[in-house]
Amino acid sequence: MARQFQFVTVSDPTKSRSSESRKLTHSHIMHQVHAKKRHLQTQRYQNESINCGTKQNHLKIFKPFLSSPLHQVITNTKDPFSSLARPLLSEEYFLLDHYIQVVVPFSIGHCGLFDYPGDHRAVMLREWVSLAITDDALMTAGILLSTCRYILLRRPDDPIFTRMVLQYKRICLRTLREEISSKSDLINATTVAKALALAIDEANSGEYGIARTHLQGVLAMIQFSGGPKSLGLTGLLERMCDKFIMSFNLIDTEVGSSCSKA
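Fair warning: this is a prediction, and the values are worked out from it, not measured in the lab. (Residues numbered from 1 in each chain as written. Predicted model: local features only at pLDDT ≥ 70, side-chain atom pairs only at ≥ 80, totals over all residues. Heavy atoms only, no water.)

Draft legend 1. Representation of the overall build of the protein chain within the structure. Helices and strands together make up the secondary structure of the protein chain, namely 9 helices and 0 strands. Looking at the protein chain as a whole, 41% of its 262 residues qualify as buried. A fraction of 61% describes how many contacts in the protein chain between residues 6 or more apart in sequence connect residues 24 or more apart. Taken as a whole, the protein chain presents about 15500 Å² of accessible surface, with 55% of it coming from carbon and sulfur. (Helix = DSSP H or I, 4+ residues; strand = E, 2+ residues; numbered from the N terminus. Buried < 20%, exposed > 50% of the residue type's maximum accessible area, 1.4 Å probe, protein only. Contact = heavy atoms within 4.5 Å. Areas by Shrake-Rupley, 256 points an atom, 1.4 Å probe, with all protein chains shown as cover.)

Draft legend 2. Seen up close, the environment of R163. If you trace the backbone, R163 turns up in helix α5 (residues 159-181). A relative accessible area of 48% places R163 in the partly exposed class.

Draft legend 3. Just the packing of α5 against helix α6 (residues 189-204), in detail. Running from amino to carboxyl end, α5 crosses α6 at an angle of 140 degrees, the nearest separation of the two axes being 10 Å. Taken together, α5 and α6 sit at an angle that is classed as oblique. By crossing handedness, the relation of α5 to α6 is classed as left-handed. Facing α5, whose interface residues are K169, C172, L173, T175, L176 and E179, α6 presents T191, K194, A195, L198, D201 and E202. Partitioned by chemical class, the residues of the contact of α5 with α6 number 5 nonpolar, 2 polar and 5 charged. (Axes fitted to C-alpha atoms, helices over the stretch in contact; angles between N-to-C directions. Parallel < 35°, antiparallel > 145°, perpendicular 65-115°, else oblique. Left-handed = near helix turned anticlockwise from the far one by under 90°. Nonpolar A, V, L, I, M, F, W, Y, C, P; charged D, E, K, R; others polar.)

Draft legend 4. Geometry of the side chain of T190. The residue T190 is located in helix α6 in this model. If we skip the residues at most four places from it in the chain, T190 touches L131, D135 and L138.

Draft legend 5. Representation of the packing of helix α3 (residues 120-132) against helix α4 (residues 136-154) in the model. Across the interface, α3 lies against α4 with an axial gap of 7 Å and an inter-helix angle of 130 degrees. Taken together, the axis directions place α3 and α4 in an arrangement best described as oblique. Touching W128, V129, L131 and A132 of α3 are L138, M139, G142 and I143, all from α4. Taken together, the residues of the contact of α3 with α4 sort by class into 7 nonpolar, 1 polar and no charged.

Draft legend 6. Here's a closer look at the pattern of salt bridges. One pass over the full model with this rule turns up 10 salt bridges. A salt bridge links R126 to E127; the shortest N-O distance between them is 3.7 Å. Owing to a relative accessible area of 26%, R126 belongs among the partly exposed residues under this scheme. Across the pair K229 and E238 runs a salt bridge whose closest N-O atoms are separated by 3.0 Å. Among the charged side chains, a salt-bridge network with shared partners connects R149, K169, D201 and E202. (Salt bridge = Lys/Arg side-chain N within 4 Å of Asp/Glu carboxyl O.)

Draft legend 7. Just the confidence of the model for the protein chain, in detail. Confidence in the prediction of the protein chain, expressed as mean pLDDT, is 75, and 63% of residues score 70 or more. In the model, residues 1-5 has pLDDT below 50 throughout and makes 0 contacts with residues more than four positions away in sequence or in other chains. Note on residues 41-59: pLDDT under 50 across the span, and 14 contacts to partners over four residues away in sequence or across chains. (pLDDT = per-residue confidence, 0-100.)

Draft legend 8. Layout of α5. The terminal C-alpha atoms of α5 lie 33 Å apart, and with 23 residues this matches the ideal 33 Å at 1.5 Å per residue to within 8%. Buried residues of α5: F161, M164, V165, Y168, K169, C172, T175, L176 and E179, and no others. In this fold, the buried residues of α5 make contact with α2 (90-110), α4 and α6. The residue sitting at the N-terminus of α5 and contributing the capping side-chain oxygen is D158; that oxygen lies 2.9 Å from the backbone nitrogen of I160. (Expected span 1.5 Å × (residues − 1). Polar contact = N/O pair within 3.5 Å; in protein donor to acceptor, adjacent residues only side chain to side chain.)

Draft legend 9. Broad picture of the environment of I210. By the secondary structure assignment, I210 is in helix α7 (residues 208-224). The exposure class assigned to I210 is partly exposed, which follows from its relative accessible area of 38%. Distance in space between the C-alpha atoms of I210 and A199 is 7.2 Å, their sequence separation being 11 residues.

Draft legend 10. Expanded view of α7. Helix length check: α7, at 17 residues, gives a terminal C-alpha distance of 24 Å against a target of 24 Å (1.5 Å per residue), a fit within 8%. For α7, the full list of buried residues reads A211, H214, L215, V218, L219, M221 and I222. Taken around the axis of α7, the buried residues stretch over an arc of 160 degrees, which confines them to a single face. Next to the buried residues of α7 lie α5, α6, α8 (228-231) and α9 (235-247). A positive backbone phi angle near 95 degrees is found at G226, which sits one or two residues after α7. (Arc of directions from axis to C-beta.)

Printed below as a string of structure tokens:
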């Protein structure tokens, strides 16, 4: 872009300038200062928009977590990014933001879990997202995979998100298999949440047989551990297990709250 120059005429540099001349010079200088400031602000905004993996550009995503009672998420630090199980790639920051801004409100309105008054978004962020971001595989299945699946509902032929779905599912399946095949004391609320997230993903993609298999594993883990309280499941996670296990007729609805009868 060609640079434009503006000349300020001074009649005689050796003589004192008139009031009008001084005003014109001052106006010109201030105009240049403000123009430069606006240019720098615009450039900074563009850089932050492009580099969507930077912390500062995404701190707003994590504000609801700062008041979370889950002390294991954010306790001894004001930096919410220290709670992430691993650093995210730029496209994964996009998926996380899209999950919170789009998928969470959609899920609240369609999942049937929130049939009572209250701040349902805060519950989702506190009891699901806050738990998910502390574990790599759960964050992969519960947030990144879920967001890709949601986008594919509207863009079913997108090759990028299709590839990411397969990649994320493979990562979570491998991790879950390793945890279950190892010592049983490694099975906890996070393990249950991973299996549940995979079951939900399979159900959303129409693979109900595979979803049922994952849910059978969820039920087995809960019963083997002595019920959801023994595993430390949150209230939301209990309701999610109840809803999906009962919807697949894996237990009688008379079993009651949270599959607690082993």
